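# Summary of structural features
One letter stands for each residue in the lines below.
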Amino acid sequence: IFRSIIVCLLICLQSFSTSAQCPPNIDFEMGDFTGWQCYVGQFNGGTIIPLTSLTPSPPTATRHQMLAAVPGSGRDPDGNFPQTCPNGSGYSIKLGNNQTGRGAEAVSYTFTIPATQSRFNLIYSYAMVLNDGGSGHDNSSQPRMQVTIDNITDGTPLPCPLDPFVVGSSLQGFLTSGTLGPGNSPVLYRNWVSSSINLDNLAGKTIRIAFITADCSLGGHFGYTYVDVNPQCSSSFVGATFCPDDTAVI
């Protein structure tokens, strides 16, 4: 029993020290957009949506939504997955909606990696719904979601861990919804999944991460995204310590 208590304390202390490395509210756990910059604009077509093409704005209720796990925010009407991330966090956000009109939305967070922190890793989770515009749209006009990471200190983009999600491109892990979009167009969705951003060896650098979503550029089809960010920013797994005679690890 004594050893179990010590192990529990070590895991809790490891979790606390790892969490403390993250910038404040990057995980939305304040229940608001403190530290985040919101943007609105329109998607006019192209391969990517530059963050500079959007206008900074206060959070817009129908385009930047804060979702609470308690008492709960229900399930997505198109994908039937939970609207809050099932990773145990208290809050997630929703960018965009199922309304059409060429709308584009974004949130970004800018932070400086501590000068003594050579190992730094962000883990984020996302789910999304993209309405397929069909044969009348090429890839440059379809609804999409993208993640960008920029090294502000050096003025260079960092390799994105994910290519932009664009209807009509090589989308993996998406299913077809039982609901239909405008003109009986198909609606695709992806349930919650996680990805990581390796920021090792960037100690002292200022980094900006942005999540961007957009409707189709022709105005008739929608796209929206759910996002959550984990509160641990080290390059190790929290609680990955166990006793040699343990029979299971979660």
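Residues numbered from 1 in each chain as written. Predicted model: local features only at pLDDT ≥ 70, side-chain atom pairs only at ≥ 80, totals over all residues. Heavy atoms only, no water.

On to the overall build of the protein. From N to C terminus, the protein includes one helix and 13 strands. Evaluated residue by residue, the protein yields a buried proportion of 45% over its 250 residues. Summarising the internal contacts of the protein: among those between residues at least 6 apart in sequence, 77% fall at separations of at least 24. About 12,100 Å² of surface is accessible on the protein, with carbon and sulfur atoms providing 56% of the total. (Helix = DSSP H or I, 4+ residues; strand = E, 2+ residues; numbered from the N terminus. Buried < 20%, exposed > 50% of the residue type's maximum accessible area, 1.4 Å probe, protein only. Contact = heavy atoms within 4.5 Å. Areas by Shrake-Rupley, 256 points an atom, 1.4 Å probe, with all protein chains shown as cover.)

The subject of this paragraph is the confidence of the model for the protein. Within the protein, residue pLDDT values average 87, and 86% of them lie at 70 or more. Here residues 2–20 is modelled with pLDDT under 50, and outside its nearest four sequence neighbours on either side it reaches 17 contacts, counting other chains as well. (pLDDT = per-residue confidence, 0-100.)

Bringing the pairing of strand β6 (residues 121–131) into the picture now. Taking burial as the measure, the eleven residues of β6 include ten buried ones, the bulk of the element. The pairing of β6 with strand β11 (residues 186–198) spans ten bridges and is antiparallel. Residue S125 lies in a different strand from β11, and its bridge partner there is S194. Direction of pairing for β6 relative to strand β13 (residues 223–229): antiparallel, over a ladder of seven bridges. By the bridge assignment, Y124 is partnered in β13 with V229. (Pairing = 2+ DSSP bridges.)

Quick look at the environment of Y39 now. Looking at the secondary structure, you find Y39 in strand β1 (residues 36–42). Residues Y39 and R63, 24 residues apart in the sequence, show an inter-C-alpha distance of 9.3 Å. Each residue touching Y39, except ones within four places of it in the same chain, is listed here: L51, L54, T55, P56, S57, H64, A104, E105, A106, V107 and S108.

The pairing of strand β10 (residues 175–180) with β11 spans three bridges and is antiparallel. The partner of L180 across the bridge, within β11, is P186. What sits between β10 and β11 in their antiparallel hairpin is a turn of five residues, with G183 showing a positive phi close to 65 degrees.

Taken as a whole and assessed by the stated rule, the structure comprises three salt bridges. The salt bridge involving R63 is made with E105; its shortest N-O contact spans 2.9 Å. With R63 in the loop between β2 (55–57) and β3 (64–68) and E105 in strand β5 (residues 103–112), the pair connects residues that are 42 residues apart, well separated along the chain. Residue R63 shares its accessibility class with E105, and that shared class is buried. (Salt bridge = Lys/Arg side-chain N within 4 Å of Asp/Glu carboxyl O.)

What follows concerns the state of the cysteines. Each disulfide consists of a covalent bond between the sulfur atoms of two cysteine residues. One pass over the structure, following the stated rule, counts one disulfide. The side chain of C22 participates in a disulfide bridge whose partner is C233; the two sulfur atoms lie 1.8 Å from each other. Taking the sign of the S-S torsion, about 90 degrees here, the bridge from C22 to C233 comes out right-handed. Linking C22 in the loop between α1 (2–19) and β1 with C233 in the segment after β13, this pair joins segments that are 211 residues apart in sequence. For C22, a relative accessible area of 12% gives the class buried. With a relative accessible area of 0%, C233 lands in the buried category. (Disulfide = S-S within 2.5 Å.)

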